[in-house]
Amino acid sequence: MKSRILYRDEFIRLNEKEQSKYNLAQSELTYGHSGKEFLLQDKKVAERLQEMSSGIYRDAMGNARCFHKKKIVRLYKVANCLKGNVLILYSCMNEVKLIRAYFPEAKILSTLSDYKLWNSGSIEIGLLRPGPGSMCRLYPGGNQLICFSIPGDISLYLKVLTHMSAPNGVLFVRRLIVQDTWEEVLYQRVK
């Protein structure tokens, strides 16, 4: 029997002021360029847009600031309703700072020993940024995955799903998507 993946997508809508701020920052980042393909190729711009979807923008000095908390608050509510260990997928380090403000006990999984701790059940909330390279099986540690953000490289997202899917098991995936942002473009690609 093959493993199954059950998705639950949660859409978050920004208020008018927040959406206006996002749209202005997006237009400044993408000035002179058009089309989604450009954004998919320019990883730096895509990462900045992803941060903004999560509520983070950078001021003139490059410091990360928060302009909305809707997504992190939703993550907090969702994670606290789940039983068992939870793995949270993120895309950039500024998101980790935001997540750790709400989940100080969260542990970044980046080494083989981190993966072993996750798989032994010693880590209740794991943070994972998918990247190139090898990744061990993650399903012994838990079957709850929350996508705080979807990585720009869709193949990395699919790799995480593969490594969390237990043979003959069920993987529960919650995706938090901020509507009318770059994140929704990525969501359409993985849906």
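Here goes a summary of the coordinates provided. Just so we're clear, the structure is a prediction, and the values are computed from it rather than from any experiment.

## Let's talk about the packing of helix H4 (residues 70-81) against helix H5 (residues 93-102)
And then number 1: Running from amino to carboxyl end, H4 crosses H5 at an angle of 50°, the nearest separation of the two axes being 10 Å. The pairing of H4 with H5 is recorded here as oblique in orientation. The hand of the H4/H5 crossing is right-handed. Contacts between H4 and H5 involve Ile-72, Val-73, Leu-75 and Tyr-76 on the former and, on the latter, Leu-98, Ile-99 and Tyr-102.

## Here we look at the environment of Glu-51
And then number 1: Note that Glu-51 resides in helix H3 (residues 43-53).
And then number 2: As for Glu-51 and Leu-158, which are separated by 107 residues in sequence, their C-alpha atoms are 20 Å apart.
And then number 3: Contacts of Glu-51, omitting those with residues within four sequence positions, involve Ile-56, Arg-58, Cys-92 and Asn-94.
And then number 4: Looking at Glu-51, its side chain comes within polar contact range of the side chain of Asn-94, at 2.7 Å.

## Structural notes on the sheet that holds strand S1 (residues 4-12)
And then number 1: Read from one edge of the open sheet, 6 strands run S1-S8-S7-S4-S6-S5, paired in parallel fashion. This sheet does not close on itself; its edge strands, each paired only once, are S1 and strand S5 (107-108).
And then number 2: Of the pairings in the sheet, the one linking strand S4 (residues 86-89) to strand S7 (residues 144-147) comprises 4 bridges and is parallel in character. What sits directly across from Val-86, in S7, is Gln-144.

## Concerning the nonpolar core
A general tendency of soluble globular proteins is for nonpolar side chains to be buried together.
And then number 1: Ranked by internal contacts, the top residues of the largest apolar core, which has 54 residues, are Leu-75, Ile-88, Ile-99, Leu-145 and Ile-146.
And then number 2: Setting aside residues no more than four positions away along its own chain, Ile-88 makes contact with Leu-75, Ile-99, Ile-125, Gly-126, Leu-127, Leu-128, Ile-146 and Phe-148.

## Here we look at the layout of surface pockets
And then number 1: Each pocket or cavity is described by its volume, and for the second largest pocket that value is around 200 Å³.
And then number 2: Among the secondary structure elements, those contributing two or more residues to the lining of the second largest pocket are helix H1 (16-29), H3 and strand S2 (56-58).
And then number 3: Here the element with the most residues in the lining of the second largest pocket is H1; it accounts for 5 residues.
And then number 4: Taken together, the residues of the lining of the second largest pocket break down into 7 nonpolar, no polar and 5 charged.

Calculation rules
- Residues numbered from 1 in each chain as written.
- Predicted model: local features only at pLDDT ≥ 70, side-chain atom pairs only at ≥ 80, totals over all residues.
- Heavy atoms only, no water.
- Axes fitted to C-alpha atoms, helices over the stretch in contact; angles between N-to-C directions.
- Helix = DSSP H or I, 4+ residues; strand = E, 2+ residues; numbered from the N terminus.
- Parallel < 35°, antiparallel > 145°, perpendicular 65-115°, else oblique.
- Left-handed = near helix turned anticlockwise from the far one by under 90°.
- Contact = heavy atoms within 4.5 Å.
- Polar contact = N/O pair within 3.5 Å; in protein donor to acceptor, adjacent residues only side chain to side chain.
- Pairing = 2+ DSSP bridges.
- Core = buried A, V, L, I, M, F, W, Y, C linked by side-chain atoms within 4.5 Å.
- Buried < 20%, exposed > 50% of the residue type's maximum accessible area, 1.4 Å probe, protein only.
- 1 Å grid on protein atoms, 1.4 Å probe; cavity = no way out; pocket = protein on both sides within 12 Å on 5 of 7 lines; lining within 4 Å.
- Points joined across faces, edges and corners; volume = space filled by probe spheres on them.
- Nonpolar A, V, L, I, M, F, W, Y, C, P; charged D, E, K, R; others polar.

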